[in-house]
Every structure is written in C-alpha cells, then in structure tokens.
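Chain and residue survey
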Amino acid sequence: MSVTDAGHETRWDDSAPTGVGLKPGWGVSPERQQEIVAALSDLAPGTGRLTAGQLRAITVALAARRDLWSDLVVRDPDVRWYLPLHRSNSCDVWLLAWERGQDTDWHDHGGSSGSFAVAEGSLIEQYRVPSGRLSRRRLVPGQAAAFGPGHVHDVAHGGEASATSIHAYSPPLVAMTYYTATDYGLIARETVAIDGPEGGRGRGGADTALARASAHAARLNSDSLPTGAPGIDDLLAEARSGVRRLRPEAAFAALTDGAALVDIRPLEQRIVEGEVPGAIIIGRNVLEWRLDPRSEARIPALARADMQVIVMCSQGYASTLAAASLRRIGLHEATDLDGGFQAWQAAGLPVRPAQALG
Ligand SMILES: [Fe+2]
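Given the structure is predicted, the values throughout are model-derived calculations rather than measurements.

Cut-offs and rules
Residues numbered from 1 in each chain as written. Predicted model: local features only at pLDDT ≥ 70, side-chain atom pairs only at ≥ 80, totals over all residues. Heavy atoms only, no water. Helix = DSSP H or I, 4+ residues; strand = E, 2+ residues; numbered from the N terminus. Buried < 20%, exposed > 50% of the residue type's maximum accessible area, 1.4 Å probe, protein only. Areas by Shrake-Rupley, 256 points an atom, 1.4 Å probe, with all protein chains shown as cover. Salt bridge = Lys/Arg side-chain N within 4 Å of Asp/Glu carboxyl O. pLDDT = per-residue confidence, 0-100. Contact = heavy atoms within 4.5 Å. Phe/Tyr/Trp six-rings, centres within 6.5 Å; stacked < 30°, edge-to-face > 60°.

1. Things to note about the overall build of the protein
Across its full length, the protein carries nine helices and 16 strands. When each of the 358 residues of the protein is scored for burial, the buried share is 46%. As presented, the protein carries roughly 17000 Å² of accessible surface, and 53% of it is formed by carbon and sulfur atoms.

2. A few points about the pattern of salt bridges
Two side chains with opposite charge may pair up if their charged atoms get near one another. Per the counting criterion, the structure on display carries 18 salt bridges. The closest approach of N and O atoms between E160 and R100, which form a salt bridge, is 2.6 Å. Residue E160 is found in the loop between strand 9 (153–158) and strand 10 (163–170), and its partner R100 is found in the loop between strand 4 (92–98) and strand 5 (113–120); the two are separated by 60 residues along the sequence. According to the relative accessible area criterion, R100 is exposed, its value standing at 55%.

3. Section: the confidence of the model for the protein
For the protein, per-residue confidence averages 84 on the pLDDT scale, and residues scoring 70 or more make up 83% of the total. Low pLDDT, under 50, characterises residues 1–20; the stretch is placed with 43 contacts to residues that sit more than four places away or in other chains. Scored below 50 in pLDDT, residues 199–210 makes 45 contacts in the model with residues more than four places away or belonging to other chains.

4. A short note on the packing of aromatic side chains
Within this structure, the stated rule accounts for two aromatic pairs. An angle of 75° between the planes, with centres 5.7 Å apart, marks the rings of Y82 and W94 as edge-to-face. Pair noted here: Y82 is in strand 3 (residues 81–87) and W94 is in strand 4, with a separation of twelve residues, a long-range link. W94 matches Y82 in its accessibility class, with the two residues each being buried. On the numbers, 5.8 Å between centres and 70° between planes, the contact of F252 with W344 is edge-to-face. Taken together, the residues span a long stretch of sequence, with F252 in helix 5 (residues 248–256) and W344 in helix 9 (residues 340–346) at a distance of 92 residues.

5. Quick look at unusual backbone geometry
A negative phi angle is the norm for most residues apart from glycine, just as the trans form is the norm for most peptide bonds. S170 connects to P171 through a cis peptide bond whose omega is -10°. Despite not being glycine, D105 shows a phi value in the positive range, around 75°. For D105, the location among the structural elements is in the loop between strand 4 and strand 5.

Structure (structure tokens):
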C-alpha cells in the first residue's frame with residue numbers, strides 16, 4: 001500500500017531508510033491520508049525543517065478541518081488518546097483527545113520544534129520562559145501555541161468539556177526528555193524514545209509509525225559497529241576484574257582510615273537522591289584532571305598515588321569506569337562504591353539533602 005506525499009511515492013516498509021507515511025491499517029485510511037496531504041500541500045514542504053510559524057499554520061488549519069478527523073476521535077477517561085494523522089520527512093501531525101484530569105507531565109521535544117492548536121474544549125499549557133521562570137496560558141478553539149526546539153512544557157486538559165487538539169513537530173518526534181519540578185527549577189529526569197506525542201502514554205503507542213521508525217533506527221545502529229568492539233558490559237567486567245570494590249559498610253570503615261569518598265553524580269541526581277556528608281563532589285567531566293598528580297588542575301590533598309579514592313555514583317556502574325580510569329593514571333588504590341549512593345542509603349549510613357549552591 002502506498003501514499004503519494006507531495007509528489008513523492010512514500011510507503012511504509014522495513015527497507016525504507018526512514019519511516020515515512022503512516023502504517024497501513026492504522027486507523028487513518030489511505031483516502032483520508034490523501035485528503036490530509038492535500039490539505040497540507042501549501043503548508044508543509046515534504047522535506048527540510050519547518051519553522052514554528054509553519055507548524056502553527058499546519059495545526060490551526062487542520063484543527064479547523066473537522067471533516068478530516070472528527071469521526072476518528074476516541075474519548076477515553078482513563079488514558080490520553082492520540083492518533084498519528086500524517087508523517088513526512090519534514091514533520092509529523094497528531095490528533096489528541098483530552099479528558100478531565102489528563103496531562104502530559106513536564107517534557108521537551110528532543111530538539112524538534114512544534115505547535116499545537118485546540119480544536120474543541122480548552123487546554124492549559126505551563127511552560128518555561130527563557131529566564132527559567134514558569135508561565136501559564138489557556139488555549140481555546142482556534143488558538144495555537146508554537147515553539148522552538150528548546151521549549152519545555154506541561155500540557156493539561158482545561159475546563160469541563162472534552163478537548164481535542166492537533167499537534168505537529170519538525171523534525172518528526174524521535175525522543176522526549178521528562179523533567180521533575182524542584183526548588184532548583186526543572187531538572188531533567190529521563191529521555192525516552194517516543195511512540196506518541198505529549199507523553200506517549202496514550203493508546204496506540206506500540207503500533208505506530210514512529211515506533212516502527214525508532215525500531216528501524218535501533219537496528220541500523222548495531223549493524224554499523226566495527227567488529228570486535230567491546231560492549232559496555234565488557235568494559236564494565238574488565239574494569240571490575242582484580243579490583244576489590246567496597247560495599248557501603250566497608251567504604252564507611254575505609255573513610256575513617258583516611259580514604260576519600262568522591263561523588264561524581266551530577267547536581268540533578270544529588271538533588272533528587274541526596275548526598276553523603278563529607279563526600280567530595282567532583283564532576284565526572286573533570287575527575288581525572290582533579291586527581292592526576294601531574295595535572296595543574298589537581299586537588300593536591302587527593303591527587304596522590306597512595307590515596308585510596310572511592311568513587312561513588314548512583315548505582316555503582318559509572319563509578320566503576322571512573323575508578324578504572326583513575327587507576328590508569330596512577331592512583332592504584334582507586335576503587336568504587338558497590339551499589340553506589342542507593343546502596344549506601346539503603347544500608348542506613350549517613351545521608352543529607354543536597355546542599356544549596358552559594
Ligand atoms: Fe509537548
């Protein structure tokens with residue numbers, strides 16, 4: 001089955017270099033896809049990155065064309081519902097339905113620009129302005145919010161009536177990062193490959209065109225590796241062979257014997273998890289420069305060949321690789337905390353909330 005998209009023959013199959021067009025049989029008939037392509041013909045070039053303004057025009061135009069989507073909407077009080085309406089190399093377009101209490105959580109769009117236009121009901125968007133402050137706006141039918149690649153927002157159903165909206169992204173959505181709102185501002189929590197817009201928790205996730213495109217990209221990645229390259233599991237096993245890693249109680253005892261606990265977790269993780277009192281915080285990106293006895297940027301009290309440095313991360317994986325790197329530059333006693341901060345905390349050893357900067 002194929003769909004003609006702005007003069008280009010596009011079809012959905014595993015051999016396509018990138019996923020274009022919608023999966024046949026996925027809710028939107030080929031005839032309807034053609035109608036949508038026709039409606040977008042003057043608004044959406046088939047290739048290239050579209051501006052926020054172009055995406056706004058696309059979403060406003062489609063929101064006004066009820067004949068193209070109103071019969072497709074499903075109202076689900078439990079799970080936010082969505083459906084892909086269109087996909088090309090330049091953008092993807094989605095239909096979303098919202099019921100009372102449904103929202104997306106804070107997220108970005110993985111570098112894509114985007115726009116969403118309300119077609120029915122109302123939506124409330126909270127978003128981060130460039131200063132870092134949070135703002136909020138209510139959107140009603142005919143209104144749209146368009147944004148560039150840095151936009152972070154949380155979109156929620158507003159008012160009483162069911163809401164419907166049209167969303168477009170360029171380049172097509174591939175990944176989104178979720179954020180936790182803290183006293184320090186929004187802190188990135190996790191990045192997910194997406195199978196749907198605005199949270200990917202709606203129905204229709206695993207079987208969408210984007211999910212297929214993501215799986216295709218994953219296959220390409222492993223094929224392109226040079227033969228014999230060790231995987232991360234190999235690296236980890238190599239770094240752990242012949243090294244005595246320390247469980248929390250043993251690490252705690254070593255500290256009283258003069259060892260140094262070095263916390264390499266990023267600030268975001270320390271805020272969420274907490275800290276160990278007395279641990280020395282050194283960012284992973286500067287670790288070797290701070291601890292190499294030959295480095296001008298060294299910390300003299302720590303950068304000694306006989307110093308027992310115990311590297312700590314969150315769960316005891318990144319710390320293993322960091323400790324191996326320290327041994328390579330001559331700190332032969334360097335090791336890491338088995339199980340990381342999480343094991344330390346679980347063992348009932350001292351922790352405290354992350355300390356505020358300045
Ligand atoms: Fe979004």
